[in-house]
Amino acid sequence: MRIRMCLAALSLAGGAGLATLSAPPAMAAACSDVEVVAARGTFEPGTLGFIVGDPVYSALQKKAAGKNVTSYKVNYPADLSPTSAAQGNLDLVNHVKSQAAACPSQKFVLVGYSQGANVVDNSIGISSAGAVVGSPIVATLPAAVEPKVAAVLLFGNPIRALGKSVTGTYQSRTLDLCAKGDPVCENGGGDVGAHLSYRDDAEEAATFAAGRL
């Protein structure tokens, strides 16, 4: 119930089977030094996400002095449908692969909040199946792209409530924040407001990412 309240709160703030998933061919954008690829939370308003994506992008633009930083909003429903996270997983992987091929020198910062963290988890090979608004993995970033991912920034990550976290190749470059009492990422958490508090962590996250560019 608390988790549903969190998702409903995000909605108020801004007012098919897995096997059949498909995404349009990814189109590469103009090349930049760094691209922030952001997957917003369930029903989250804003361009990249009012609570996380937008403030993190703004902070990183300032901290990555001398670098051209652009952004990409992961194209997915971010709703409560059972394939929502899987659609985001597929779009993120397709976009980054296309962008990496077109822009060999570009680095990526992956950002995911709430359901968006599920999207990023799946894309780097950590399944979010069983987590709130999670899904099985439908696509992963290939090994050739992995060195281009400078940082992974996760907020209110639902797999943490299952006792899981990012391990393996991406672990050392991942910042995975769970606010105390956040029921989406803390098993037994009861503070709905905590899940809406991650805007306060934008500077910390941007500093972490900037240090790895």
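Residues numbered from 1 in each chain as written. Predicted model: local features only at pLDDT ≥ 70, side-chain atom pairs only at ≥ 80, totals over all residues. Heavy atoms only, no water.

All right, on to the sheet that holds strand S2 (residues 69–73) then. Two strands in a sheet stick together by hydrogen bonds in their backbones, pointing the same way (parallel) or opposite ways (antiparallel). Spatially, five strands are ordered S2-S1-S3-S4-S5 in an open sheet, and the strand pairing comes out parallel. Edge positions in the open sheet fall to S2 and strand S5 (174–177), since each of these has one partner strand only. When strand polarity is set aside, the average angle formed by the axes of neighbouring strands in this sheet is 15°. Pairing of strand S4 (residues 149–155) with S5, which is carried by four bridges, proceeds in the parallel orientation. Across the sheet, residue phenylalanine 155 finds its bridge partner in S5, namely leucine 177. Contacting strand S3 (107–113), S4 and S5, helix H5 (residues 202–210) runs over the sheet at an angle of about 160° to S4. (Pairing = 2+ DSSP bridges. Helix = DSSP H or I, 4+ residues; strand = E, 2+ residues; numbered from the N terminus. Axes fitted to C-alpha atoms, helices over the stretch in contact; angles between N-to-C directions. Contact = heavy atoms within 4.5 Å.)

In this section: the confidence of the model for the protein. On average, residues of the protein score 91 in pLDDT, and 86% of them are at 70 or above. Here residues 11–20 is a poorly scored stretch, pLDDT under 50, and it has nine contacts once near neighbours within four places are set aside; other chains count. (pLDDT = per-residue confidence, 0-100.)

Their axes nearest at 8 Å, the elements helix H3 (residues 84–102) and helix H4 (residues 115–123) cross at an angle of 50°. By the angle class used here, H3 and H4 are oblique. Of the two elements, H3 crosses H4, and the hand of that crossing is right-handed. Facing Ser84, Ala85, Gly88, Asn89, Leu92 and Val93 of H3, the residues of H4 in contact are Gln115, Asn118, Val119, Val120, Asn122 and Ser123. (Parallel < 35°, antiparallel > 145°, perpendicular 65-115°, else oblique. Left-handed = near helix turned anticlockwise from the far one by under 90°.)

Inspection of every chain in the model, using the stated rule, returns three salt bridges. Among the salt bridges present, the one from glutamate 203 reaches lysine 63, with a minimum N-O distance of 3.2 Å. Placement of glutamate 203 in helix H5 and of lysine 63 in helix H2 (residues 53–63) is noted, with a sequence separation of 140 residues between them. On the basis of relative accessibility, which here comes to 46%, the residue glutamate 203 falls in the partly exposed class. Its salt-bridge partner being aspartate 176, residue arginine 160 comes within 3.8 Å of it at the nearest N-O pair. Of this pair, arginine 160 sits in the loop between S4 and S5 while aspartate 176 sits in strand S5, and the two are 16 residues apart along the sequence. Among the residues examined, arginine 160 registers a relative accessible area of 33% and is labelled partly exposed. (Salt bridge = Lys/Arg side-chain N within 4 Å of Asp/Glu carboxyl O. Buried < 20%, exposed > 50% of the residue type's maximum accessible area, 1.4 Å probe, protein only.)

Under the criterion given, the structure shown has two disulfides. At a sulfur-sulfur separation of 2.0 Å, the disulfide partner of cysteine 178 is cysteine 185. Disulfide cysteine 178-cysteine 185: torsion about the S-S bond near 90°, hence right-handed. Residue class for cysteine 178 comes out partly exposed when judged on its relative accessible area of 22%. On the basis of relative accessible area, cysteine 185 is assigned to the buried category, the value being 3%. (Disulfide = S-S within 2.5 Å.)

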